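# Summary of structural features
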Protein chains: 2
Amino acid sequence: MKSYLMNDNVKVYRYGQPMETNIVQGRKVEKQGVDEIIKPKFENGKCRFDIKLQPDDMVYGLGGNLGGINKRGRRYESYCTDEPSHTDEKRALYGAHNFFIISGEENRGYFIDFPSRIKYDVGFSQLDKFSIQISGRDFCLYVIEGKSLEDITTNFLKIIGKAYIPPKWGFGYFQSRWGYKNKEEILEVHNSFKEKGIPLEGIYLDLDYMERFKVFSISTERFEGFKNLVASLKKDGTYLIPIIDAGVKVEKGYDVYEEGIEGEHFCKDEDGKPYVAAVWPGDVHFPDFFKEDTQRWFGLKYKVLTDAGIEGVWNDMNEPSIFYDEKSIKDALDLAVESKDKDMDAFSFFAAKDKFENIANKDEYYQRFYHQVGNQNISNDEVHNLYGYYMTKSANFGLSSLLKDKRFLLISRASSIGMHRYGGIWTGDNYSFWSHLDQNIKNMPSLNMCGFFYTGADTGGFGNDSYGEMLVRWLQFSVFTPLLRNHSAIGTQNQEPYAFGEKVTKECKKIIEARYRLLPYIYSEYMKSVNNFKLMFRPLSFEYDEDLAKEAEDQLFLGEELMIAPVYKANHKGRFVYLPEKMAEVTFDEGNERLEVKDSGIHYFNYKLSEFKFYLREDSILPHVASAMNVKSLSQQKLKVLAYVNARAEYNLYDDDGVSYDYKKGKVYNTKIKVAKTSQDYMIEVKNTNPFIKEAEFTIVNSDNKVIKKTIKL
Amino acid sequence: MKSYLMNDNVKVYRYGQPMETNIVQGRKVEKQGVDEIIKPKFENGKCRFDIKLQPDDMVYGLGGNLGGINKRGRRYESYCTDEPSHTDEKRALYGAHNFFIISGEENRGYFIDFPSRIKYDVGFSQLDKFSIQISGRDFCLYVIEGKSLEDITTNFLKIIGKAYIPPKWGFGYFQSRWGYKNKEEILEVHNSFKEKGIPLEGIYLDLDYMERFKVFSISTERFEGFKNLVASLKKDGTYLIPIIDAGVKVEKGYDVYEEGIEGEHFCKDEDGKPYVAAVWPGDVHFPDFFKEDTQRWFGLKYKVLTDAGIEGVWNDMNEPSIFYDEKSIKDALDLAVESKDKDMDAFSFFAAKDKFENIANKDEYYQRFYHQVGNQNISNDEVHNLYGYYMTKSANFGLSSLLKDKRFLLISRASSIGMHRYGGIWTGDNYSFWSHLDQNIKNMPSLNMCGFFYTGADTGGFGNDSYGEMLVRWLQFSVFTPLLRNHSAIGTQNQEPYAFGEKVTKECKKIIEARYRLLPYIYSEYMKSVNNFKLMFRPLSFEYDEDLAKEAEDQLFLGEELMIAPVYKANHKGRFVYLPEKMAEVTFDEGNERLEVKDSGIHYFNYKLSEFKFYLREDSILPHVASAMNVKSLSQQKLKVLAYVNARAEYNLYDDDGVSYDYKKGKVYNTKIKVAKTSQDYMIEVKNTNPFIKEAEFTIVNSDNKVIKKTIKL
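Just so you know, these numbers come straight off a predicted model, no measurement behind them.

### Points about the overall build of chain A
Each helix and strand in chain A was counted, giving 15 helices and 44 strands. Against the compact-globule benchmark of 27 Å for 714 residues, chain A has a radius of gyration of 26 Å, which places it among compact chains. For chain A, the spread of C-alpha atoms along the principal axes amounts to about 85 × 65 × 55 Å. Counting all 714 residues of chain A, 67% fall into the buried class. Contacts in chain A between residues far apart in sequence, at least 24 positions, make up 71% of those at least 6 positions apart. With 97 positive and 106 negative side-chain charges, chain A shows a separation of 4 Å between the mean positions of the two kinds.

Right, here's the structure in full:
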């Protein structure tokens with residue numbers, strides 16, 4: 001082991017000969033040799049850390065996994081997996097997010113830089129033991145210190161580099177469905193939103209737009225005149241976001257396949273032939289994204305889409321997901337054939353059934369194909385968790401090259417920390433379960449801690465049928481998440497905001513409009529979080545120490561200003577809300593907002609289905625605007641400012657052009673708002689460099705619930 | 001349609017020519033012809049009722065289904081199904097519990113007496129519409145009125161007859177596991193409990209005790225000397241409860257099979273041959289429990305067990321569960337063989353996979369075999385929901401005949417209302433998920449409404465791995481449920497109270513002891529609930545009308561005296577508790593109890609893992625005793641009485657011999673306790689006919705939290 005201080009807050013322990021993952025950025029050695037904080041045990045080529053947990057210790061982090069904000073009492077595995085059913089016992093989902101904080105008497109962050117499987121037993125097998133098993137001997141352990149929990153996350157975020165920044169339109173509302181089968185259905189969705197006056201920023205295109213699941217193909221039959229479609233919708237403010245899968249269909253004459261073979265871009269099997277796995281198109285080869293020329297080749301294939309006017313894509317199936325491979329399907333069919341004329345008992349039946357039932361994503365597949373890393377051939381298994389990361393890096397390279405100065409929308413399903421610099425993620429194939437809305441809430445701060453800011457869940461739930469009440473409640477939460485997408489699976493109940501009757505349509509419209517009203521604030525908070533390495537969503541326990549704050553995982557701080565506490569249960573007309581401090585309840589009605597200051601403590605607040613509520617903290621300012629049908633038509637001319645002020649409050653509303661990278665050159669707008677209480681009134685000061693804002697209309701409440709309104713020309 | 005008044009509270013609507021299910025008892029006609037409350041629509045041989053729901057209406061009932069106490073926002077199907085995964089979207093579980101109450105401006109109960117599929121859409125497809133689809137034209141609809149929600153349930157329970165009453169030892173703590181593979185393991189469990197001083201009433205035997213899954217066989221190899229084992233354990237206070245499945249293995253020379261063939265006891269296929277389905281033993285035939293002589297034949301087969309000293313059994317797989325049948329396995333294998341040399345695409349692969357994956361419990365199986373009902377052959381599908389009911393009726397007949405005056409323990413997995421008279425039910429194959437503990441809580445009142453009082457869930461969770469904290473929390477709830485069984489599946493983490501280390505063992509011991517301390521009260525409440533047709537577990541909304549009471553589905557009234565509000569979430573050191581009225585918090589420490597009166601309102605109460613708490617209502621009395629290792633060694637000599645009295649309180653502690661049916665002849669014990677506040681003190685009166693109680697030790701608290709202790713000799 002070699003150890004060193006990377007900076008004042010980060011100690012690095014290098015065991016064996018770890019592969020360079022490029023997750024940690026700008027690493028340099030401040031000082032050689034630092035003490036080991038926890039000692040590993042090496043055994044059978046694996047490594048284990050055992051950490052004693054005190055009864056009150058909490059474990060934060062681990063990104064887009066199941067469970068609470070506090071990860072205790074569960075087992076996890078970092079091994080990117082296309083897990084189609086997020087039931088409670090599942091340990092591995094799509095991401096490898098190996099950052100966590102142990103919080104108790106001391107707080108300390110840990111990041112394990114290792115590209116294959118890591119198992120976590122967080123006080124599951126033994127209440128007081130946190131066991132970490134790394135399936136190898138070559139890795140780096142980073143130990144991150146800080147003055148507070150938040151400080152630790154900042155110190156970690158700083159070493160992994162700034163997160164991906166989408167265009168501002170990426171913060172709009174997106175509709176999606178696996179099963180919009182042709183151009184006509186896409187137009188129908190677009191028109192329905194328009195007719196009903198529901199804001200819409202774009203429509204995601206799932207597999208359906210391709211020609212027989214071939215990546216970088218567009219069905220000429222079902223999506224004839226694709227380029228015109230893209231252009232006419234974009235003109236009307238609606239972007240199309242097509243999907244790209246990792247696997248390339250094996251098909252003679254198909255350009256991507258032929259080029260891949262020609263350029264030796266595909267992962268090889270043991271015999272050095274391109275590895276064959278089956279995914280949506282049937283047999284596919286996987287691009288070897290570990291090779292830089294393959295990254296470039298695949299990345300530039302997105303040209304097919306950008307040439308058609310596309311400015312955003314989603315990368316899917318890139319764990320990579322494998323339905324079966326040549327060997328496994330042969331085994332399954334062989335056993336079936338063998339069983340055919342036998343008198344089966346239950347167990348031989350279960351054996352045959354199992355061959356089919358559990359045929360997807362078997363561990364052994366990932367041992368059967370190889371990446372070329374430098375001069376070495378390394379099995380996917382050994383570097384498994386980097387595959388989706390490198391695919392998205394490839395896409396980022398391609399889209400950056402193709403779209404030049406224009407920002408693009410890019411999200412991925414599989415991820416590793418590090419990928420956060422290249423694209424966002426959605427939380428994968430959730431279900432229309434109330435518990436998955438609950439999970440969505442709990443994931444947000446954990447994802448932020450691991451660098452993922454442009455993220456969100458499939459609103460309304462992907463699998464199974466959603467229903468009106470669920471969609472309304474889900475939206476009431478997800479309008480706060482940077483990535484806001486309503487997505488559902490083929491064969492399920494249609495899930496557009498207007499699919500559940502008039503009453504639900506009306507409520508959904510109101511909430512989506514609330515998103516657009518809040519969009520300047522959400523965008524500002526996003527940009528500041530990313531640029532300042534601050535969490536956008538924070539657990540209450542990052543600021544408050546009581547048991548109740550630690551357990552209120554269904555409430556989140558958003559930025560410095562807001563606390564959100566959504567309803568996420570069926571048939572509820574209200575919920576318990578814990579206010580750790582006095583806050584102003586904000587109710588967004590159609591076109592106006594109400595403020596009412598509530599005492600700190602435990603409350604039951606009414607949240608009728610039609611009520612959209614959140615909380616503004618004391619001495620805080622929330623700017624917002626009138627809603628619009630999409631980002632490009634959102635006017636900031638009249639800024640509306642809600643403030644709850646007893647002493648003095650400040651807010652700096654960040655903005656930029658939303659489309660270019662000029663913000664990197666300092667071309668940004670700041671609207672610095674100050675409100676201070678004077679003996680009789682408030683002193684308001686606005687320093688504004690944003691040319692689009694002409695007027696600020698203030699609604700200020702104090703702790704006596706006295707509301708004052710003022711308007712200032714800028 | 002013919003309609004009549006059955007009694008003052010029950011209207012009956014008879015559509016078509018319904019089959020006699022014997023669910024409703026002692027039906028007579030008070031008055032012919034009453035108005036239709038809701039009108040059915042008949043279409044394609046089916047019937048639909050559409051009921052408009054107001055926004056605040058609640059729907060109670062539907063027994064052992066998923067979802068909340070309020071059933072709105074979900075779809076259900078009554079069609080007894082061996083559903084191995086109780087995920088949120090599932091509509092049909094093991095029971096057909098067709099009683100529900102619509103509660104709003106008016107309250108009204110409904111019971112549909114129909115033996116096949118009924119679909120309920122409770123405001124799912126449309127927020128304000130409750131749709132009921134009955135898959136036939138011949139049924140009875142009962143409409144039940146009452147002065148209150150509770151009164152409606154009582155009026156319903158009265159017409160379906162008194163629930164099954166187990167022996168008092170049935171209220172002890174039971175250990176179970178699918179996978180205790182031989183006598184030695186059973187003895188090890190017994191000895192472990194004994195060594196650690198954890199009370200144990202009995203051990204359930206799963207499939208493992210049989211000879212190759214043959215019902216009414218006992219493995220001579222693994223359970224050699226079964227009778228001696230039963231006797232020696234019973235002497236030591238531990239009962240064995242073996243499982244019996246519905247299917248009889250097809251095997252020449254196997255007595256049950258041969259007798260079944262000989263006596264024509266098996267269900268027939270279309271060709272009049274015994275229907276072959278596959279379950280655990282491989283091919284089986286299903287006894288035709290619709291024939292009375294088959295009921296008698298099968299019932300008396302339990303003699304194999306009672307002869308060995310067995311006094312309790314559990315009936316399983318009696319939906320009946322079918323893994324596959326001859327035709328379906330042939331189809332699956334044929335498709336596999338056909339696919340063998342084809343180049344499969346994803347969809348033909350999914351088709352082949354689906355044949356295996358979804359091969360269990362297909363609708364078509366139940367259309368392929370027939371029951372003899374009178375002179376008619378009726379497909380199982382048409383009378384599906386009565387199968388488990390009649391199997392358990394058969395077992396009840398057998399055990400009653402064999403055990404004569406001795407009460408027996410009998411539970412079943414499949415059920416229909418009506419079966420509640422013959423045995424209890426457990427809630428089937430749940431998982432070690434926190435959400436399934438939550439479900440357990442919510443199920444209790446709904447099950448009571450449908451007549452099922454002797455019921456409970458697999459504590460700790462059946463499927464998947466449980467862990468220490470979960471087991472402790474689960475026990476803290478389930479020690480209140482009449483059926484208290486810790487059961488887990490083969491291949492999962494061992495789940496005995498001592499399987500999770502010392503700390504957990506200690507906590508589990510304390511909570512199981514609390515069960516025995518409370519056992520006199522729980523038994524008393526059980527007997528009174530059954531005999532007086534009163535719910536044992538009641539939703540708060542049966543007494544309180546606020547939104548909060550309606551939504552506090554994680555709190556229950558138990559009897560008239562207690563409110564329980566368990567912790568059912570990971571990593572929680574407390575929870576929100578809503579006290580609709582002043583209550584005394586009762587904390588059970590080792591060997592003593594503390595009372596502390598809390599104001600009505602919303603609280604966050606600490607519930608450390610080591611704290612076992614519940615609430616005693618004002619002017620209520622809770623008798624209890626010191627713990628013991630099992631029911632037979634439980635001494636009532638010193639009755640301990642907790643009371644929270646501001647004015648006056650009364651409690652009648654019911655008891656009987658616990659083993660015979662003498663209670664029916666009035667051989668019962670009553671201990672009538674009265675406590676009244678006087679100006680300075682309390683007046684205590686105890687009228688006792690229970691010869692075992694010699695002394696009563698009172699701990700009385702008033703609203704000022706002043707505690708007084710008194711002891712009275714009896």
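### Focus on the relation of the copies chain B and chain A
Put simply, the two copies of the chain differ by a rotation about an axis and a shift along that axis. Superposition of chain B onto chain A requires a rotation of 180° combined with a translation of 0.0 Å along the rotation axis, giving an RMSD of 0.0 Å. Such values leave the two copies arranged in the relation of a two-fold axis. Interface overlap between copies is the fraction of interface residues in one copy that are interface residues in the other; for chain B against chain A it reaches 100%, indicating a shared surface.

### Looking at the UniProt feature "domain: Glycoside hydrolase family 31 N-terminal" (unreviewed entry) in chain A
On the UniProt side, "domain: Glycoside hydrolase family 31 N-terminal" (unreviewed entry) is annotated at positions that read residues 44-121 of chain A here. For residues 44-121 of chain A, helix accounts for 0% and strand for 44%, while the C-alpha atoms at its two ends are 19 Å apart.

### Regarding the sheet that holds strand β16 (residues 239-245) of chain B
Residues and elements named next belong to chain B. Reading across from one edge, β27-β26-β24-β20-β16-β15-β14-β29-β28 is the order of the nine strands in this open sheet, with parallel pairing throughout. Two strands bound the open sheet, and with one partner strand each, they are β27 (455-456) and β28 (458-459). Where strand β14 (residues 173-177) meets strand β15 (residues 202-205), four bridges bridge the pair, whose relative direction is parallel. When the sheet's bridge partners are listed, S176 is paired in β15 with Y204.

### Section: the interface of chain B and chain A
Between chain B and chain A, the residue contacts involve 64 residues of the former and 64 residues of the latter. With both sides pooled, the region where chain B packs onto chain A buries about 5,500 Å², and carbon together with sulfur makes up 67% of that total. Taken as a group, L127, E551 and F576 of chain B account for 11% of the area that chain B buries against chain A, more than any other trio of residues on that side. The interface formed by chain B and chain A includes four salt bridges. With a shortest N-O distance of 3.4 Å, D56 of chain A and K573 of chain B are connected by a salt bridge. Viewed at the interface, chain A and chain B are joined by 12 residue pairs in polar contact (both at pLDDT 80 or more). Counting residues per element, the ones that place at least two in the side of chain B that touches chain A are β19 (282-285), α7 (326-339), α8 (346-357), α14 (502-532), α15 (547-551), β33 (574-579) and β36 (601-606) of chain B. Partitioning the side of chain B that touches chain A into residue classes produces 30 nonpolar, 13 polar and 21 charged.

### Remarks on the domain arrangement of chain A
All names here are of chain A. Domain parsing of chain A yields domain 1 (2-160), domain 2 (324-359) and domain 3 (525-713). Just the C-alpha atoms count here: the centres of domain 1 and domain 3 sit 34 Å apart. Each side of the interface is counted separately: domain 1 has 12 residues, and domain 3 has 11 residues. The junction of domain 1 with domain 3 conceals about 1,100 Å² of combined surface from both sides, 66% of it contributed by carbon and sulfur atoms. At the boundary of domain 1 with domain 3, the tally comes to one salt bridge.

### Points about helix α14 (residues 502-532) of chain A
Residues and elements named next belong to chain A. Between its first and last C-alpha atoms α14 spans 43 Å; for 31 residues at 1.5 Å apiece the expected length is 45 Å, and the two agree. Largest kink in α14: about 55°, centred on L518, with the proline P520 one to four residues after it. At the exit of α14 stands F533, carrying a positive phi of roughly 55°.

### Observations regarding the sheet that holds strand β29 (residues 484-486) of chain A
In space, the nine strands of this open sheet follow the order β27-β26-β24-β20-β16-β15-β14-β29-β28 (chain A), with parallel pairing throughout. If you trace the sheet from one side to the other, it starts and ends with β27 (455-456) and β28 (458-459) of chain A, each paired once.

### Section: the environment of R407 of chain A
All names here are of chain A. Tracing the sequence through the fold places R407 in the loop between α11 (387-403) and β24 (409-412). Each C-alpha atom of the pair R407 and I165 lies 7.9 Å from the other, and the pair is 242 residues apart in sequence. Here the side chain of R407 touches P166 through a polar contact of 3.0 Å, landing on its backbone oxygen.

### Examining the pattern of salt bridges
Residues and elements named next belong to chain A. Per the counting criterion, the structure on display carries 121 salt bridges over all chains. The residue E251 makes a salt bridge to K249 at a minimum N-O spacing of 4.0 Å. When its relative accessible area of 13% is taken as the criterion, K249 is described as buried. Linked through salt bridges whose partners overlap, the residues forming this network are D82, D316, E319, R413 and D429.

### Brief notes about the side chain of S703 of chain B
Residue and element names in this part refer to chain B. By the element assignment, S703 lies in the loop between β43 (695-701) and β44 (707-713). S703 gets classed as buried once you look at its relative accessible area, which sits at 17%. Within the structure, S703 has its side chain in polar contact with the side chain of Y644 (distance 2.8 Å). Contact partners of S703, with chain neighbours within four places excluded, come to K582, V597, E618, Y644 and N646.

### Points about the packing of helix α5 (residues 292-301) of chain A against α11 of chain A
Residue and element names in this part refer to chain A. Closest axis-to-axis distance for the α5/α11 pair is 7 Å, and the angle between their directions is 55°. Our classification of the angle between α5 and α11 gives oblique. Remark: the crossing between α5 and α11 carries right-handed chirality. Across from Q295, R296, F298, G299 and L300 in α5, the residues of α11 making contact are Y390, M391, K393, S394, F397, G398, S401 and L402. A class-by-class count of the residues in the contact of α5 with α11 yields six nonpolar, five polar and two charged.

Reading the values: the criteria
- Residues numbered from 1 in each chain as written.
- Chains lettered and ligands numbered in written order.
- Predicted model: local features only at pLDDT ≥ 70, side-chain atom pairs only at ≥ 80, totals over all residues.
- Heavy atoms only, no water.
- Helix = DSSP H or I, 4+ residues; strand = E, 2+ residues; numbered from the N terminus.
- Rg over C-alpha atoms; globule rule 2.2 N^0.38 Å.
- Buried < 20%, exposed > 50% of the residue type's maximum accessible area, 1.4 Å probe, protein only.
- Contact = heavy atoms within 4.5 Å.
- Lys, Arg positive; Asp, Glu negative; His and termini not counted.
- Charge placed at Lys NZ, Arg CZ, Asp CG, Glu CD.
- Least-squares fit on C-alpha atoms with pLDDT ≥ 70 in both.
- UniProt positions renumbered as here; feature names shortened; annotations may be inferred.
- Pairing = 2+ DSSP bridges.
- Buried area = accessible area lost by both parts, 1.4 Å probe.
- Salt bridge = Lys/Arg side-chain N within 4 Å of Asp/Glu carboxyl O.
- Polar contact = N/O pair within 3.5 Å; in protein donor to acceptor, adjacent residues only side chain to side chain.
- Nonpolar A, V, L, I, M, F, W, Y, C, P; charged D, E, K, R; others polar.
- Domains from an automatic or database assignment.
- Expected span 1.5 Å × (residues − 1).
- Bend = angle between axes of the 7 residues up to and from the residue.
- Axes fitted to C-alpha atoms, helices over the stretch in contact; angles between N-to-C directions.
- Parallel < 35°, antiparallel > 145°, perpendicular 65-115°, else oblique.
- Left-handed = near helix turned anticlockwise from the far one by under 90°.

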